[in-house]
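Spelled out, the chains give:
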Amino acid sequence: MSETKSAYWERYYAKGSGLARPVPSQFAAFVAGELQGPYRVVEFGCGNGRDALFFASHGHEVTAIDGSSAATERGKAVADAHGEKVEFITSAIDAAELADLVSEAGDKTLVYARFFLHAITGAEEQAFLECAGELTKPGDLMAVEYRTIRDSSGVKETAEHYRRFMSPAEFQYSAIQHGFRVTYAVEGYGFAKYRQDDAYVARNLLERV
Ligand SMILES: C[S@@+](CC[C@H](N)C(=O)[O-])C[C@H]1O[C@@H](n2cnc3c(N)ncnc32)[C@H](O)[C@@H]1O
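Residues numbered from 1 in each chain as written. Predicted model: local features only at pLDDT ≥ 70, side-chain atom pairs only at ≥ 80, totals over all residues. Heavy atoms only, no water.

Describing the overall build of the protein chain
Step number 1: When you go through the protein chain residue by residue, the secondary structure sums to 7 helices and 9 strands.
Step number 2: Against the compact-globule benchmark of 17 Å for 209 residues, the protein chain has a radius of gyration of 16 Å, which places it among compact chains.
Step number 3: Each of the three principal axes of the protein chain carries a C-alpha extent, and together these read 40 × 40 × 35 Å.
Step number 4: Looking at the 209 residues of the protein chain, the share that counts as buried comes to 52%.
Step number 5: Within the protein chain, contacts between residues separated by at least 24 positions form 72% of all contacts whose residues are at least 6 apart in sequence. (Helix = DSSP H or I, 4+ residues; strand = E, 2+ residues; numbered from the N terminus. Rg over C-alpha atoms; globule rule 2.2 N^0.38 Å. Buried < 20%, exposed > 50% of the residue type's maximum accessible area, 1.4 Å probe, protein only. Contact = heavy atoms within 4.5 Å.)

Remarks on the site of the ligand
Step number 1: The immediate surroundings of the ligand are formed by 21 residues, with Gly45, Asp66, Gly67, Ile93 and Arg114 found nearest.
Step number 2: Take lysine 5: an N or O atom from its side chain is 3.4 Å from a nitrogen atom of the ligand.
Step number 3: Between glycine 67 and the ligand, the recorded distance is 3.0 Å, taken from a backbone N or O atom to a nitrogen atom.
Step number 4: If the ligand stood free it would expose 600 Å²; the protein chains cover 94% of that surface. (Near = heavy atom within 4 Å. Polar contact = N/O pair within 3.5 Å; in protein donor to acceptor, adjacent residues only side chain to side chain. Areas by Shrake-Rupley, 256 points an atom, 1.4 Å probe, with all protein chains shown as cover.)

Remarks on the pairing of strand S9 (residues 201–208)
Step number 1: Among the 8 residues in S9, 7 count as buried, and that is most of the element.
Step number 2: Note: strand S5 (residues 141–147) against S9, 7 bridges, orientation antiparallel. If you follow glutamate 145 over to S9, its bridge partner there is arginine 203.
Step number 3: In the sheet, strand S6 (residues 180–188) pairs with S9 via 8 bridges, with the strands oriented antiparallel. Note that in S9 the partner of glutamate 187 across the bridge is alanine 202. (Pairing = 2+ DSSP bridges.)

Points about the sheet that holds strand S3 (residues 86–90)
Step number 1: An order of S3-S2-S1-S4-S5-S9-S6 is seen for the 7 strands of this open sheet, with the pairing classed as mixed. In this open sheet, the two edge strands, each paired with only one partner strand, are S3 and S6. The mean angle between the axes of side-by-side strands here comes to 15°, regardless of whether they run parallel or antiparallel.
Step number 2: Against the sheet, helix H4 (residues 69–81) touches strand S2 (61–66) and S3, its axis set at about 165° to S3. (Axes fitted to C-alpha atoms, helices over the stretch in contact; angles between N-to-C directions.)

Brief notes about the packing of helix H6 (residues 122–135) against helix H7 (residues 168–177)
Step number 1: For the pair H6 and H7, interaxial distance at closest approach is 10 Å and the crossing angle is 40°. One element, H6, and the other, H7, form an angle in the oblique class. Seen from above, H6 lies across H7 with right-handed handedness. Touching Glu125, Gln126 and Leu129 of H6 are Phe171, Ser174 and Ala175, all from H7.
Step number 2: In terms of residue class, the contact of H6 with H7 is made up of 3 nonpolar, 2 polar and 1 charged. (Parallel < 35°, antiparallel > 145°, perpendicular 65-115°, else oblique. Left-handed = near helix turned anticlockwise from the far one by under 90°. Nonpolar A, V, L, I, M, F, W, Y, C, P; charged D, E, K, R; others polar.)

Comments concerning H6
Step number 1: Over its 14 residues, H6 extends 20 Å from the first C-alpha to the last, a length consistent with the 20 Å expected when each residue adds 1.5 Å.
Step number 2: Those residues of H6 not exposed but buried are Glu124, Glu125, Ala127, Phe128, Leu129, Cys131, Ala132, Gly133 and Leu135. (Expected span 1.5 Å × (residues − 1).)

Comments concerning the packing of aromatic side chains
Here the distance between the centres and the angle between the planes together describe a pair of aromatic rings.
Step number 1: A complete count under the given rule lists 14 aromatic pairs for this structure.
Step number 2: Here the aromatic rings of tyrosine 8 and tryptophan 9 are separated by 5.2 Å at their centres, their planes lie at 75°, and the arrangement is edge-to-face.
Step number 3: Its relative accessible area of 15% is what places tyrosine 8 among the buried residues.
Step number 4: Judged by relative accessible area, which is 13%, tryptophan 9 ranks as buried.
Step number 5: A connected cluster of aromatic rings, assembled from ring pairs, spans Phe27, Phe30, Phe54, Phe55, Tyr112 and Tyr184.
Step number 6: Sitting above the plane of the phenylalanine 115 ring, arginine 114 keeps its charged end 3.7 Å from the centroid. (Phe/Tyr/Trp six-rings, centres within 6.5 Å; stacked < 30°, edge-to-face > 60°. Lys NZ or Arg CZ within 6 Å of the ring centre and 35° of its normal.)

So, the UniProt feature "domain: Methyltransferase" (unreviewed entry) in the protein chain
Step number 1: Residues annotated in UniProt with the feature "domain: Methyltransferase" (unreviewed entry) correspond here to residues 41–139.
Step number 2: Taken as a whole, residues 41–139 contains 39% helix and 21% strand, while its terminal C-alpha atoms sit 14 Å from one another. (UniProt positions renumbered as here; feature names shortened; annotations may be inferred.)

What follows is the structure, encoded as structure tokens:
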């Protein structure tokens, strides 16, 4: 992560306070409904851990990764306060051998990233896909939600966040090149509304071939 971006996220998550159970994203609720049985969920760009805690509370074994130590420390404090078992790892997505830091796989793995892909660069997206490939075996799943090029206009509640507006076709092509197939793809408004910010997002479910 570049120094400026990294310092930004540290500052952003240092502002959080309190140990209340966070509300999960709409996407996490959707993905949880798609899973059959317990998974090892590896979340990238977990932020304050709100979706990681949610998956853990539904019986999944969760590893949550973020480049910001303020974010992972906050997530750990909240998880501990609520008795949820989540393994938090502080690491940039392009750190060498990141996949080796994640605990051994159970039967089935889900790689999960919500509002992470548009927060990283194209080169970091390649590192994400390589890491996802290392963590999965055929039949395993990936679930991602990200802002698309159609979201480049419109109100943003967090206007200062680094973002690149993504082309779903380009992301899906890259994912296919890394050994995944797209099993579900949808785009639109209304999937990730946050106050005045109704992001035009893409949701993709993918399976490792
Ligand atoms: C927009 S937030 C999304 C947080 C959470 N997934 C959510 O939906 O609330 C993006 C997250 O990605 C993390 N991040 C950004 N660039 C990163 C990188 N290169 N490596 C690891 N984490 C990164 C940030 O620290 C931040 O927590």
